Amino acid sequence: MLPARTFSVSIRCDWRALYEQIWQPAFFARWASGLAESALRQDGDQWVADGPEGPIRIRFTPHNDYGVMDHVVDAGDGVEIHIPLRVIRNGEGAEVMLTLFRQPGMDDEKFAADARWINKDLSTLRTLIERPGA
């Protein structure tokens, strides 16, 4: 088993309305900084982004009634990284949760850097939803 940490952000928006707004893969590039630097384009049942070392292929969970937005990333080395992402109800609002798995060979510094990156992206998502013109 891989060590894991789950990060979340509370967003003042009905969870179902939030999910409907953000579930589409093309929307990820608006808040997920790892995808923002490249045009995310569809290629069959996958999406492709340009990474620093070549194309990154991403498979997203289809639209569903449960707020599940999991995706699997292949950076071209054949290793697939599963990224669980959920939108759940939090009272009148929503909680967006992303789990980071520490990959084999990942040192403490890289794991901490990825955690900071995720928290920054989740904060960007909250700002995008709660203050669209900010």
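Structure's up top.
Residues numbered from 1 in each chain as written. Predicted model: local features only at pLDDT ≥ 70, side-chain atom pairs only at ≥ 80, totals over all residues. Heavy atoms only, no water.

*Asks:* Can you lay out the pairing of strand β6 (residues 80–83) for me, pointing to particular residues and giving the numbers?
*Replies:* Alignment of strand β5 (residues 71–74) against β6, held across four bridges, turns out to be antiparallel. Bridge pairing in β6 links D74 to E80. Hairpin remark: β5 followed by β6, antiparallel, with five residues in the connecting loop; positive phi at G76, about 105 degrees. (Pairing = 2+ DSSP bridges. Helix = DSSP H or I, 4+ residues; strand = E, 2+ residues; numbered from the N terminus.)

*Asks:* Can you explain the sheet that holds strand β3 (residues 46–51)? Please cite residues and give values.
*Replies:* Ordered in space as β2-β3-β4-β5-β6, the five strands form an open sheet in which the pairing is antiparallel. In the strand order of this sheet, the two ends are held by β2 (41–43) and β6, each with one partner. Sheet twist, expressed as the average angle between the axes of neighbouring strands with direction ignored, equals 30 degrees. (Axes fitted to C-alpha atoms, helices over the stretch in contact; angles between N-to-C directions.)

*Asks:* Please give an account of the packing of aromatic side chains that cites residues and values.
*Replies:* Evaluated as defined, the whole model comprises two aromatic pairs. On the basis of an interplanar angle of 35 degrees and a centroid distance of 5.6 Å, the ring pair of F28 and W31 is categorised as tilted. Both residues of the pair, F28 and W31, belong to the buried class. Joined through ring pairs, the aromatic side chains of F28, W31 and F60 make up one cluster. (Phe/Tyr/Trp six-rings, centres within 6.5 Å; stacked < 30°, edge-to-face > 60°. Buried < 20%, exposed > 50% of the residue type's maximum accessible area, 1.4 Å probe, protein only.)

*Asks:* Please give an account of the environment of L125 that cites residues and values.
*Replies:* By the secondary structure assignment, L125 is in helix α4 (residues 108–130). Under the relative-accessibility criterion, L125 is labelled buried at 0%. The spatial distance from the C-alpha of L125 to the C-alpha of I22 is 9.2 Å, given a sequence separation of 103 residues. With near-sequence residues (within four places) excluded, L125 lies in contact with I11, I22, F27, W31 and V96. (Contact = heavy atoms within 4.5 Å.)

*Asks:* How would you sum up the sheet that holds strand β1 (residues 4–11)? Please name residues and give values.
*Replies:* With respect to topology, three strands assemble into an open sheet ordered β1-β8-β7, the strand pairing being antiparallel. Unpaired on one side and paired on the other, β1 and β7 (85–90) mark the two borders of the sheet. Taking each pair of neighbouring strands and ignoring which way they run, the sheet shows an average axis angle of 25 degrees. Inspection of the sheet shows β7 paired to strand β8 (residues 93–101) by six bridges, in the antiparallel sense.

*Asks:* Provide a residue-level description of the side chain of H71, including the pertinent values.
*Replies:* Here H71 shows up in strand β5. At 3.2 Å, the side chain of H71 and the backbone oxygen of M69 are in polar contact. Those residues in contact with H71, other than ones at most four positions away along the chain, are F28, I58, R59, F60, I81, H82, I83 and L85. (Polar contact = N/O pair within 3.5 Å; in protein donor to acceptor, adjacent residues only side chain to side chain.)

*Asks:* How would you summarise the layout of surface pockets if you had to cite specific residues and measurements?
*Replies:* By rolling a water-sized probe across the atoms, one finds the places where empty space is left. In this structure, the largest pocket occupies an estimated 1,200 Å³ of space. In terms of lining, the largest pocket is formed by 35 residues, of which the most central are G34, I56, V73, I83 and W117. The set of elements that each furnish at least two residues to the lining of the largest pocket consists of α3 (33–36), β3, β4 (54–60), β5, β6, β8 and α4. Ranked by residues supplied to the lining of the largest pocket, first place goes to α4 with six residues. Taken together, the residues of the lining of the largest pocket sort by class into 20 nonpolar, eight polar and seven charged. (1 Å grid on protein atoms, 1.4 Å probe; cavity = no way out; pocket = protein on both sides within 12 Å on 5 of 7 lines; lining within 4 Å. Points joined across faces, edges and corners; volume = space filled by probe spheres on them. Nonpolar A, V, L, I, M, F, W, Y, C, P; charged D, E, K, R; others polar.)

So yeah, pure geometry; function would need other evidence.
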